[in-house]
Amino acid sequence: MTPEIGDSALPPGAPAVGSGATHSTVPAVVAAARDTIDALKQLAVTHSGSPWHGANAKDLRYKQGRLHGNGRSMTFGKLLRALGSRGVDATASEPAGAPSGYTFHTFGAHFCEVRVNRFTREIRVTRFTTVVDAGRIINARAARSQIVGGVIFGISGALLEENHLERDTGRLAASTLADYLVPVNADIPDIDVHLLDRPDPHLTGPLDEDGGEVGTRSLGARGLGEIGTVGSAAAVGNAVFNATGIRIRKLPITLDKLL
(Lines give C-alpha, C1' and ligand atoms only; values in the text may rest on other atoms or scores of the structure.)
Protein backbone atom coordinates (compact mmCIF):
# COMPACT_ATOMS: atom_id res chain seq x y z
CA MET A 1 0.00 0.00 0.00
CA THR A 2 1.37 3.42 -0.96
CA PRO A 3 -0.33 6.46 0.61
CA GLU A 4 -0.42 9.65 -1.42
CA ILE A 5 -0.80 12.95 0.43
CA GLY A 6 -0.05 16.60 -0.15
CA ASP A 7 -0.74 16.56 -3.88
CA SER A 8 -3.09 19.21 -5.28
CA ALA A 9 -4.25 16.69 -7.88
CA LEU A 10 -5.93 14.68 -5.11
CA PRO A 11 -9.49 15.43 -3.97
CA PRO A 12 -10.01 17.46 -0.77
CA GLY A 13 -9.48 15.42 2.39
CA ALA A 14 -10.33 15.80 6.05
CA PRO A 15 -8.29 18.51 7.79
CA ALA A 16 -5.84 17.52 10.52
CA VAL A 17 -7.45 19.74 13.15
CA GLY A 18 -9.25 19.14 16.41
CA SER A 19 -7.36 15.87 16.90
CA GLY A 20 -9.58 14.49 14.16
CA ALA A 21 -7.16 13.12 11.56
CA THR A 22 -7.18 9.53 12.80
CA HIS A 23 -10.89 8.92 13.06
CA SER A 24 -11.42 10.87 9.83
CA THR A 25 -8.89 9.02 7.66
CA VAL A 26 -8.69 5.52 9.13
CA PRO A 27 -12.23 4.54 8.02
CA ALA A 28 -11.30 5.21 4.39
CA VAL A 29 -8.04 3.27 4.72
CA VAL A 30 -9.89 0.34 6.30
CA ALA A 31 -12.55 0.41 3.58
CA ALA A 32 -9.87 0.46 0.86
CA ALA A 33 -8.07 -2.47 2.51
CA ARG A 34 -11.35 -4.39 2.70
CA ASP A 35 -12.10 -3.77 -0.99
CA THR A 36 -8.52 -4.69 -1.97
CA ILE A 37 -8.95 -8.04 -0.24
CA ASP A 38 -12.17 -8.55 -2.19
CA ALA A 39 -10.33 -7.70 -5.42
CA LEU A 40 -7.59 -10.20 -4.55
CA LYS A 41 -10.19 -12.92 -3.96
CA GLN A 42 -11.88 -12.11 -7.25
CA LEU A 43 -8.56 -12.35 -9.08
CA ALA A 44 -7.88 -15.69 -7.41
CA VAL A 45 -11.13 -17.25 -8.60
CA THR A 46 -11.17 -15.79 -12.14
CA HIS A 47 -7.54 -16.16 -13.29
CA SER A 48 -6.93 -19.43 -15.12
CA GLY A 49 -3.53 -19.89 -13.48
CA SER A 50 -4.83 -19.61 -9.96
CA PRO A 51 -5.20 -22.69 -7.73
CA TRP A 52 -8.65 -21.34 -6.84
CA HIS A 53 -9.79 -20.83 -10.42
CA GLY A 54 -13.50 -21.47 -10.67
CA ALA A 55 -14.06 -21.46 -6.92
CA ASN A 56 -16.51 -19.19 -5.12
CA ALA A 57 -14.85 -16.04 -3.77
CA LYS A 58 -17.01 -16.32 -0.67
CA ASP A 59 -15.22 -19.55 0.23
CA LEU A 60 -11.84 -17.77 0.46
CA ARG A 61 -10.55 -16.10 3.59
CA TYR A 62 -7.72 -13.59 3.95
CA LYS A 63 -5.72 -13.76 7.16
CA GLN A 64 -2.32 -12.28 8.05
CA GLY A 65 -1.21 -11.89 4.45
CA ARG A 66 -2.44 -15.26 3.22
CA LEU A 67 -5.42 -16.52 1.28
CA HIS A 68 -7.06 -19.66 2.64
CA GLY A 69 -9.78 -21.81 1.16
CA ASN A 70 -10.70 -25.22 -0.26
CA GLY A 71 -7.81 -26.85 1.60
CA ARG A 72 -5.18 -24.51 0.16
CA SER A 73 -3.17 -21.59 1.55
CA MET A 74 -0.87 -19.12 -0.18
CA THR A 75 0.59 -15.70 0.57
CA PHE A 76 -0.86 -12.92 -1.54
CA GLY A 77 2.62 -12.08 -2.86
CA LYS A 78 3.24 -15.62 -4.07
CA LEU A 79 -0.18 -15.73 -5.68
CA LEU A 80 0.39 -12.46 -7.55
CA ARG A 81 3.80 -13.64 -8.80
CA ALA A 82 2.30 -16.93 -9.97
CA LEU A 83 -0.38 -15.07 -11.90
CA GLY A 84 2.06 -12.53 -13.34
CA SER A 85 0.20 -9.69 -11.67
CA ARG A 86 1.92 -6.65 -10.17
CA GLY A 87 -0.89 -6.08 -7.70
CA VAL A 88 -4.55 -5.40 -7.18
CA ASP A 89 -6.20 -2.01 -6.78
CA ALA A 90 -9.30 -0.78 -5.02
CA THR A 91 -10.81 2.62 -4.40
CA ALA A 92 -13.17 3.11 -1.49
CA SER A 93 -14.80 5.86 0.50
CA GLU A 94 -16.22 5.80 3.99
CA PRO A 95 -18.10 8.36 6.10
CA ALA A 96 -15.63 10.13 8.39
CA GLY A 97 -16.06 11.29 11.94
CA ALA A 98 -18.69 10.43 14.48
CA PRO A 99 -21.96 8.62 13.74
CA SER A 100 -25.13 10.67 14.02
CA GLY A 101 -25.95 11.55 17.60
CA TYR A 102 -22.39 11.31 18.91
CA THR A 103 -19.36 13.52 19.28
CA PHE A 104 -15.93 12.23 20.14
CA HIS A 105 -13.11 13.59 22.25
CA THR A 106 -9.98 12.02 23.67
CA PHE A 107 -9.46 12.23 27.42
CA GLY A 108 -6.29 12.34 29.50
CA ALA A 109 -4.80 13.24 32.86
CA HIS A 110 -1.39 14.75 33.63
CA PHE A 111 0.59 14.19 36.83
CA CYS A 112 3.60 16.41 37.46
CA GLU A 113 6.29 16.68 40.15
CA VAL A 114 8.51 19.76 40.43
CA ARG A 115 11.30 20.88 42.72
CA VAL A 116 11.74 24.57 43.49
CA ASN A 117 15.01 25.93 44.89
CA ARG A 118 14.18 27.68 48.15
CA PHE A 119 16.74 30.42 47.54
CA THR A 120 16.82 31.05 43.79
CA ARG A 121 13.27 29.81 43.04
CA GLU A 122 14.61 27.85 40.07
CA ILE A 123 12.02 25.27 38.96
CA ARG A 124 12.88 21.79 37.78
CA VAL A 125 10.30 19.33 36.50
CA THR A 126 11.47 16.01 37.91
CA ARG A 127 8.66 13.61 37.00
CA PHE A 128 5.78 13.67 34.55
CA THR A 129 3.17 11.01 33.90
CA THR A 130 0.34 11.20 31.38
CA VAL A 131 -2.54 8.75 31.04
CA VAL A 132 -4.58 8.95 27.83
CA ASP A 133 -7.77 7.30 26.62
CA ALA A 134 -7.79 7.74 22.84
CA GLY A 135 -9.72 4.63 21.93
CA ARG A 136 -7.83 2.01 19.94
CA ILE A 137 -4.17 2.95 19.48
CA ILE A 138 -3.23 2.48 15.82
CA ASN A 139 0.53 2.99 16.21
CA ALA A 140 1.80 2.79 19.81
CA ARG A 141 5.23 4.26 19.12
CA ALA A 142 3.92 7.22 17.14
CA ALA A 143 1.14 7.79 19.69
CA ARG A 144 3.58 7.90 22.59
CA SER A 145 5.84 10.27 20.66
CA GLN A 146 2.86 12.53 19.98
CA ILE A 147 2.02 12.72 23.68
CA VAL A 148 5.64 13.27 24.73
CA GLY A 149 5.95 16.14 22.25
CA GLY A 150 2.72 17.70 23.50
CA VAL A 151 3.84 17.49 27.13
CA ILE A 152 7.14 19.18 26.22
CA PHE A 153 5.07 21.94 24.60
CA GLY A 154 3.18 22.34 27.88
CA ILE A 155 6.28 22.39 30.07
CA SER A 156 7.87 24.90 27.74
CA GLY A 157 4.85 27.19 27.84
CA ALA A 158 4.60 26.89 31.61
CA LEU A 159 8.20 27.76 32.42
CA LEU A 160 10.04 29.31 29.48
CA GLU A 161 8.20 30.70 26.48
CA GLU A 162 7.59 34.43 26.48
CA ASN A 163 7.93 37.11 23.83
CA HIS A 164 7.35 40.76 24.68
CA LEU A 165 6.17 43.25 22.10
CA GLU A 166 8.42 46.26 21.56
CA ARG A 167 5.88 49.08 21.57
CA ASP A 168 8.19 51.55 19.83
CA THR A 169 8.80 49.32 16.83
CA GLY A 170 5.86 46.89 16.91
CA ARG A 171 8.30 44.01 16.69
CA LEU A 172 8.60 40.97 18.92
CA ALA A 173 11.64 41.21 21.18
CA ALA A 174 12.66 37.56 20.74
CA SER A 175 12.87 37.33 16.99
CA THR A 176 15.16 34.28 16.80
CA LEU A 177 15.64 31.02 18.69
CA ALA A 178 18.75 32.58 20.22
CA ASP A 179 16.43 34.90 22.16
CA TYR A 180 13.25 32.85 22.49
CA LEU A 181 13.58 30.25 25.23
CA VAL A 182 12.56 26.66 24.51
CA PRO A 183 13.46 23.60 26.58
CA VAL A 184 16.53 21.47 25.97
CA ASN A 185 17.13 17.91 27.10
CA ALA A 186 18.27 19.03 30.56
CA ASP A 187 14.90 20.74 31.12
CA ILE A 188 12.76 17.69 30.41
CA PRO A 189 12.60 14.53 32.55
CA ASP A 190 11.65 11.10 31.32
CA ILE A 191 7.96 11.37 30.45
CA ASP A 192 5.88 8.36 31.44
CA VAL A 193 3.00 7.78 29.01
CA HIS A 194 0.18 5.28 29.53
CA LEU A 195 -2.17 4.63 26.59
CA LEU A 196 -5.27 2.75 27.72
CA ASP A 197 -5.91 1.32 24.22
CA ARG A 198 -9.63 0.69 24.70
CA PRO A 199 -11.57 0.78 21.39
CA ASP A 200 -14.44 3.23 21.41
CA PRO A 201 -17.58 1.07 21.04
CA HIS A 202 -19.36 3.67 18.89
CA LEU A 203 -16.50 3.92 16.43
CA THR A 204 -15.85 0.21 16.07
CA GLY A 205 -16.87 -1.80 13.04
CA PRO A 206 -16.61 -5.56 12.54
CA LEU A 207 -13.06 -6.75 13.17
CA ASP A 208 -11.80 -10.30 13.23
CA GLU A 209 -9.89 -10.44 16.51
CA ASP A 210 -7.47 -13.16 15.34
CA GLY A 211 -6.00 -10.89 12.70
CA GLY A 212 -8.35 -11.69 9.85
CA GLU A 213 -10.34 -9.47 7.58
CA VAL A 214 -11.11 -5.94 8.67
CA GLY A 215 -14.47 -4.26 8.71
CA THR A 216 -15.55 -0.64 8.44
CA ARG A 217 -15.49 2.51 10.55
CA SER A 218 -12.28 3.42 12.37
CA LEU A 219 -12.01 0.35 14.60
CA GLY A 220 -12.61 2.42 17.71
CA ALA A 221 -9.75 4.89 17.18
CA ARG A 222 -10.17 8.51 18.27
CA GLY A 223 -7.82 11.41 17.61
CA LEU A 224 -4.55 11.91 19.46
CA GLY A 225 -3.05 15.34 18.99
CA GLU A 226 -3.65 18.27 21.29
CA ILE A 227 -4.36 16.14 24.37
CA GLY A 228 -0.65 16.03 25.20
CA THR A 229 -0.51 19.81 25.41
CA VAL A 230 -3.94 20.55 26.86
CA GLY A 231 -3.58 20.52 30.63
CA SER A 232 0.15 19.81 30.85
CA ALA A 233 1.07 23.44 31.55
CA ALA A 234 -1.69 23.56 34.17
CA ALA A 235 -0.23 20.46 35.81
CA VAL A 236 3.12 22.24 36.10
CA GLY A 237 1.40 25.31 37.56
CA ASN A 238 -0.47 23.20 40.11
CA ALA A 239 2.75 21.44 41.12
CA VAL A 240 4.52 24.78 41.63
CA PHE A 241 1.60 25.96 43.76
CA ASN A 242 1.75 22.77 45.81
CA ALA A 243 5.50 23.23 46.33
CA THR A 244 5.52 26.96 47.14
CA GLY A 245 1.99 28.01 48.09
CA ILE A 246 2.18 30.69 45.40
CA ARG A 247 -0.47 30.59 42.68
CA ILE A 248 0.83 32.03 39.40
CA ARG A 249 -1.91 32.72 36.86
CA LYS A 250 0.16 34.25 34.07
CA LEU A 251 2.63 32.07 32.21
CA PRO A 252 5.49 31.54 32.06
CA ILE A 253 6.25 30.97 35.76
CA THR A 254 9.54 32.80 35.99
CA LEU A 255 11.84 33.26 38.98
CA ASP A 256 10.79 36.86 39.66
CA LYS A 257 7.15 35.81 40.11
CA LEU A 258 8.12 33.43 42.91
CA LEU A 259 10.59 35.68 44.74
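Our subject is the structure that appears above.
Procedures and definitions
- Just so you know, the residues in each chain are numbered from 1, in the order the chain's sequence is written.
- A pLDDT threshold of at least 70 governs which residues receive local features in this predicted model, and a stricter bar of 80 or more applies before side-chain atom pairs are shown or counted, although totals over entire chains, interfaces and linings include all residues.
- With hydrogens and water stripped out, all remaining heavy atoms of the structure feed into the side-chain values.
- Here a salt bridge means any side-chain nitrogen of Lys or Arg lying within 4 Å of a carboxyl oxygen belonging to Asp or Glu.
- Elements are defined by DSSP. Helices are runs of H or I of four residues or more, strands are runs of E of two residues or more, and each kind is numbered from the N terminus.
- Residue burial is assigned from relative accessible area. The probe radius is 1.4 Å, only protein chains are included, and a residue is buried under 20% of its type maximum, exposed over 50%, and partly exposed in between.
- Between N or O atoms, a polar contact is any pair within 3.5 Å; within protein, one atom must be a potential hydrogen donor and the other a potential acceptor, and residues adjacent in sequence are included only when both atoms are from side chains.
- Paired strands are those between which DSSP finds at least two bridges.
- Fitting a line to C-alpha atoms yields each axis, with helices limited to the stretch in contact; the angle taken between N-to-C directions then spans 0 to 180 degrees.
- What we call a nonpolar core is a set of buried Ala, Val, Leu, Ile, Met, Phe, Trp, Tyr and Cys residues that are connected through their side-chain atoms within 4.5 Å.
- In what follows, residue pairs with any heavy atoms lying within 4.5 Å of each other are defined as contacts.
- Oblique is the label for any angle not covered by the other classes, which are roughly parallel (under 35 degrees), roughly antiparallel (over 145) and roughly perpendicular (65 to 115).
- Two helices crossing with the near one rotated counterclockwise from the far one by less than a right angle form a left-handed crossing, whereas a clockwise rotation gives a right-handed crossing.
- When residues are grouped by polarity, Ala, Val, Leu, Ile, Met, Phe, Trp, Tyr, Cys and Pro land in nonpolar, Asp, Glu, Lys and Arg in charged, and all others, Gly among them, in polar.

A. Focus on the pattern of salt bridges. This model, assessed by the stated rule, comprises seven salt bridges. We note a salt bridge from Arg 124 to Asp 187, for which the minimum N-O separation is 3.0 Å. Within this pair, whereas Arg 124 is found in strand β5 (residues 123-133), its partner Asp 187 is found in the loop between β7 (171-172) and β8 (191-195), the two being separated by 63 residues in sequence. Take Arg 124: its relative accessible area is 36%, and that puts it in the partly exposed class. Linked by salt bridges that have partners in common, Asp 133, Arg 198, Asp 200 and Arg 222 make up one network.

B. Region of the structure containing the side chain of Ser 156. On the secondary structure map, Ser 156 appears in helix α3 (residues 140-159). According to the relative accessible area criterion, Ser 156 is buried, its value standing at 2%. Reaching out from Ser 156, the side chain makes a polar contact with the side chain of Glu 161 at a distance of 2.5 Å.

C. Molecular detail of the pairing of β5. Here ten bridges tie strand β4 (residues 107-116) to β5, and the two strands are oriented antiparallel to one another. Within the sheet, the bridge partner assigned to Phe 111 lies in β5 and is Thr 129. In this antiparallel pair of consecutive strands, β4 and β5, the connection spans six residues, and Arg 121 shows a positive phi of 70°. Bridge count between β5 and β8: five bridges; the pairing is parallel. From the neighbouring strand, Thr 129 faces β8, where its bridge partner is Asp 192.

D. Spotlight on the sheet that holds strand β1 (residues 61-63). Taken in spatial order, the three strands of this open sheet run β1-β2-β3, and their pairing is antiparallel. Since the sheet does not close on itself, it has two edges, and those belong to β1 and β3 (72-75), each with one partner. Strand after strand, the sheet turns through a mean of 25° between neighbouring axes, direction not considered. For β1 and strand β2 (residues 66-69), the ladder comprises three bridges, and the chain directions are antiparallel.

E. Spatial organisation of the nonpolar core. The biggest cluster of nonpolar side chains holds 27 residues, and the ones touching the most others in it are Phe 128, Ile 155 and Leu 159. When residues of this core are traced back to their parent elements, those giving at least two are β5, α3, β8 and α4 (232-244). Once you skip the residues sitting within four places of it in the chain, Leu 159 turns out to touch Ile 123, Val 125, Val 236, Pro 252 and Ile 253. Leu 40, Leu 67, Met 74 and Leu 83 belong to the second largest nonpolar core, which has 14 residues in total.

F. How the structure looks around the sheet that holds β4. One open sheet accounts for three strands, arranged β4-β5-β8; its pairing is mixed. Two strands in the sheet have a free side with no partner beyond their single neighbour: β4 and β8. Neighbour-to-neighbour, the strand axes of this sheet turn through a mean angle of 10°, independent of strand direction. Relative to the sheet, α3 contacts β4, β5 and β8, its axis offset from that of β8 by approximately 130°. Most of the contacts of α4 go to β4, to which it runs at about 40°, and overall it touches β4 and β5.

G. Layout of the packing of α3 against α4. Taken N-terminus to C-terminus, the directions of α3 and α4 make an angle of 50°; their axes are 7 Å apart at the nearest point. As the angle between them shows, α3 and α4 are arranged oblique. Pair α3 / α4 crosses with right-handed handedness. Here Gly 150, Val 151, Gly 154, Ile 155, Ala 158 and Leu 159 of α3 come into contact with α4, specifically with Ser 232, Ala 233 and Val 236. Partitioned by chemical class, the residues of the contact of α3 with α4 number six nonpolar, three polar and no charged.

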